[in-house]
Amino acid sequence: MDLIVHSHHTHDGFYSFQLLHRENCGSCSYIKAGVRVRGKVGSRNKVYTRARKLRSNGVFAVSDVQYSRTNAILQNLGELENGNPRNEYISSLPVQISQNFEEAESNNRLRKLVRNGDLEEGFRFLESMVYQGDTPDIIACTSLIRGFCKMGKTRRATRVMEIIEDSGAVPDVITYNVLISGYCKAGEIDNALSVLERMSVAPDVVTYNTILRSLCDCGKLKQALEVLDRQLAKDCYPDVITYTILIEATCSESGVGHAMKLLDEMRTRGCKPDVVTYNVLVNGMCKEGRLDEAIKFLNSMPCYGCQPNVITHNIILRSMCSTGRWMDAEKLLADMVQKGCSPSVVTFNILINFLCRKGLLGRAIDILEKMPQHGCTPNSLSYNPVLHGFCKEKKMERAVEYLELMISRGCYPDIVTYNTMLTALCKDGKVEAAVEILNQLSSKGCSPVLITYNTVIDGLSRVGKTGQAVKLLGEMRGKGLKPDIITYSSLIAGLSREGKVEDAIKLFHDLEEIGVKPNAMTYNSVMSGLCKTRQTDRAIDFLAYMVSRGCKPTEISYTILIEGLAYEGLAKEALELLNELCLRGAVKKSSAERVAVKM
């Protein structure tokens, strides 16, 4: 390949270039001073000044295919140095070729940068391209806009669009749609509408659907319908997606009755609803408690040329289960199979979840075991309700048995499965077993989350193993998990119960320092710890601090202090305070009587 490389800018505003060729080729060979043409050395400035007036910073490549044409032109230039009537031909053709080559190479580089994800470098290169006068490739620029939008950098994406428009290139509707979609995903609907107004090409139905969905998701149905009117005025006809978006929003905001009017309008305009449209309406009916109407609608769908799918049945099945219509749910499942509509994993999971909530574990297990017969492999969402049911009934042996069965069948537990098991173990006092499972989670490819650590920390704190609990606090911080009020409240309560009240107070202040606001339970734990160590005076000061920090004391806050006074032998003072608090309504009479009995 021959490279014509930018050498320097001459005094008269033209550029001189140097032709570099790696090998001798016929009469053309590499020389330092210029270009050898038919045995003569032509001055670079003379040759290229006659050839073209260049743009700034020019660098381009001549491909092997075009080499012979370029070389011939250079030879002709040598012959015509002394003035030739073909000067016009000479001055235009090399310029056009070099410009095309340079522009093609620039766009290739731009495409490569965007493809490799080097968006910022691609942006800077795009700016330099346009500054030089090159016309950028619209497809590469569209990809650049898409990349910035995915990163949430809508201002950068906007600037790319401005550069394209300023360059003289014409963005197509896809380019505008990508930018509008980016604005909508970022919640910048006003900017999206602004782009819609100033588009240099006609918007298509995708443009409008993107904006309509964003408006409907924000609860702006009225504005969405206004956009629909503008769409119709511009002879851009809505499609099934347009109407489905609007029908769904209408169901949520105005009810199914109004949505049905849109369905009629849709049919009148010759737009045929699909199964997704009907599913939206079925879902709306079920949410409004119109289950029987939804069932009739399901049965009438084939009359409108649309067969209900598994999602349609699942919507109704879920509604049947939530209203306790188990017999109807079983019948619907049988009808699905009879009609050739195969149940999905979701179908069975709906039933299993419902049965487990009702305590019908036996029937839930029957359905779980029959799933493979219908071509469905149970997933973690199928097993989790069963495990939860066993844990709730304190049948830990059965829960562990099903956990092992689940794994043996190639269904790996998720974090919900483990959290269920950990909660049950901790409630059952089997904290060491819970710690062992927690330690094994990472090796099982399941990362613990905040609730996982909170469960075990609370379990350890309740059985007097706050030392281990504090270590877990450090471990979770090391993994980048931020402790919350539940984490700290569990630890503070545990330390207070163990009489380690100073450690509890220190942790309490750590909690405040990281910006987590203590609740009444946290304050009560510290006050309880102080009272148990016969420091009721400090507990009373802590109550005052609690009020000063804007946390309202509860009935338990006051009874802790009363019991603390009695514990220190100040029964009379405690009784007087109890009566006073009773008169003020801070402590209920029933609670006061219970406290008085303890005294």
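Scoring rules and cut-offs
Residues numbered from 1 in each chain as written. Predicted model: local features only at pLDDT ≥ 70, side-chain atom pairs only at ≥ 80, totals over all residues. Heavy atoms only, no water. UniProt positions renumbered as here; feature names shortened; annotations may be inferred. Phe/Tyr/Trp six-rings, centres within 6.5 Å; stacked < 30°, edge-to-face > 60°. Helix = DSSP H or I, 4+ residues; strand = E, 2+ residues; numbered from the N terminus. Buried < 20%, exposed > 50% of the residue type's maximum accessible area, 1.4 Å probe, protein only. Lys NZ or Arg CZ within 6 Å of the ring centre and 35° of its normal. Axes fitted to C-alpha atoms, helices over the stretch in contact; angles between N-to-C directions. Parallel < 35°, antiparallel > 145°, perpendicular 65-115°, else oblique. Contact = heavy atoms within 4.5 Å. Nonpolar A, V, L, I, M, F, W, Y, C, P; charged D, E, K, R; others polar. 1 Å grid on protein atoms, 1.4 Å probe; cavity = no way out; pocket = protein on both sides within 12 Å on 5 of 7 lines; lining within 4 Å. Points joined across faces, edges and corners; volume = space filled by probe spheres on them. Arc of directions from axis to C-beta. Core = buried A, V, L, I, M, F, W, Y, C linked by side-chain atoms within 4.5 Å. Left-handed = near helix turned anticlockwise from the far one by under 90°. Salt bridge = Lys/Arg side-chain N within 4 Å of Asp/Glu carboxyl O.

The protein appears in an unreviewed UniProt entry as Pentatricopeptide repeat-containing protein from Erythroxylum novogranatense. Under Sequence similarities (unreviewed entry), UniProt gives the following word-for-word description of the protein: "Belongs to the PPR family. P subfamily."

A. Representation of the packing of aromatic side chains in the model. For the structure shown, the criterion picks out 10 aromatic pairs. Between Trp326 and Phe354 the ring centres are 5.9 Å apart and the planes differ by 25°, which places this aromatic pair in the stacked class. You can see Trp326 sitting in helix α16 (residues 326-339) and its partner Phe354 sitting in helix α17 (residues 345-357), a full 28 residues away along the chain. Phe354 carries the same exposure label as Trp326, and that label is buried. These aromatic residues form a ring-pair network of at least three members: Phe508, Tyr523, Phe542 and Tyr545. Above the plane of the ring of Phe123 lies Arg156, whose end atom (NZ or CZ) is 4.0 Å from the centre. The ring of Tyr304 is capped by Arg267, whose NZ or CZ atom sits 4.3 Å from the centre of that ring.

B. Spotlight on the packing of helix α21 (residues 415-427) against helix α23 (residues 450-462). As a packed pair, α21 and α23 sit with axes 9 Å apart at the nearest point and diverge in direction by 10°. Our classification of the angle between α21 and α23 gives roughly parallel. Contact residues: Ile415, Asn419, Leu422, Thr423 and Cys426 in α21; Ile451, Thr452, Thr455, Val456 and Gly459 in α23. Looking at side-chain class alone, the contact of α21 with α23 contains five nonpolar, five polar and no charged residues.

C. Molecular detail of the layout of surface pockets. Of the pockets and cavities examined, the largest pocket occupies roughly 520 Å³. Considering the residues around the largest pocket, the lining is formed by 22 residues, among which Ala493, Arg497, Asn524, Ser525 and Ser528 are closest to the centre. Sorting the residues of the lining of the largest pocket by element identifies α23, α25 (485-497), α27 (520-532) and α29 (555-567) as the ones contributing at least two each. A per-element tally of the lining of the largest pocket places α25 first, with seven residues. Tallied by class, the residues present in the lining of the largest pocket amount to nine nonpolar, eight polar and five charged.

D. Here's a closer look at unusual backbone geometry. Even without a glycine there, the phi angle at Asp235 is positive, about 60°. You can see Asp235 is positioned in the loop between α10 (221-233) and α11 (240-253). Residue Arg534 is not a glycine yet carries a positive backbone phi of 60°. Assignment of secondary structure puts Arg534 in the loop between α27 and α28 (536-548). Its relative accessible area of 47% is what places Arg534 among the partly exposed residues.

E. Focus on helix α8 (residues 189-198). The complete set of buried residues in α8 reads Ile189, Ala192, Leu193, Val195 and Leu196. The buried residues of α8 occupy an angular sector of 155° when projected down its axis, which confines them to one face. Counted as exposed and oriented over 90 degrees from the buried face of α8: Asp190 and Glu197. Where α8 is buried, its residues meet α7 (173-185), α9 (205-217) and α10.

F. The arrangement of the nonpolar core in detail. Membership of the largest hydrophobic core comes to 151 residues, with the highest contact counts inside it found for Ile145, Val160, Ile211, Ile247, Ile316 and Met527. If we skip the residues at most four places from it in the chain, Ile211 touches Ile180, Cys184, Ile189, Ala192, Leu193, Leu196 and Val227. Ile562, Ala574, Leu578 and Leu581 belong to the second-largest nonpolar core, a separate cluster that totals six residues.

G. Structural detail: the packing of α16 against α17. Relative to each other, α16 and α17 sit at 160°, their axes nearing to 12 Å. Classed by the angle they form, the pair α16 and α17 counts as roughly antiparallel. Remark: the crossing between α16 and α17 carries left-handed chirality. Along the contact surface, α16 presents Trp326, Ala329, Leu333 and Met336, while α17 presents Thr347, Phe348, Leu351, Phe354 and Leu355. Among the residues forming the contact of α16 with α17, the class breakdown is eight nonpolar, one polar and no charged.

H. Broad picture of the pattern of salt bridges. For the structure shown, the criterion picks out 25 salt bridges. Glu393 is paired through a salt bridge with Lys395; the nearest N and O atoms lie 3.1 Å apart. Taken together, the salt bridges that share partners define one network made up of Glu120, Lys153 and Arg156.

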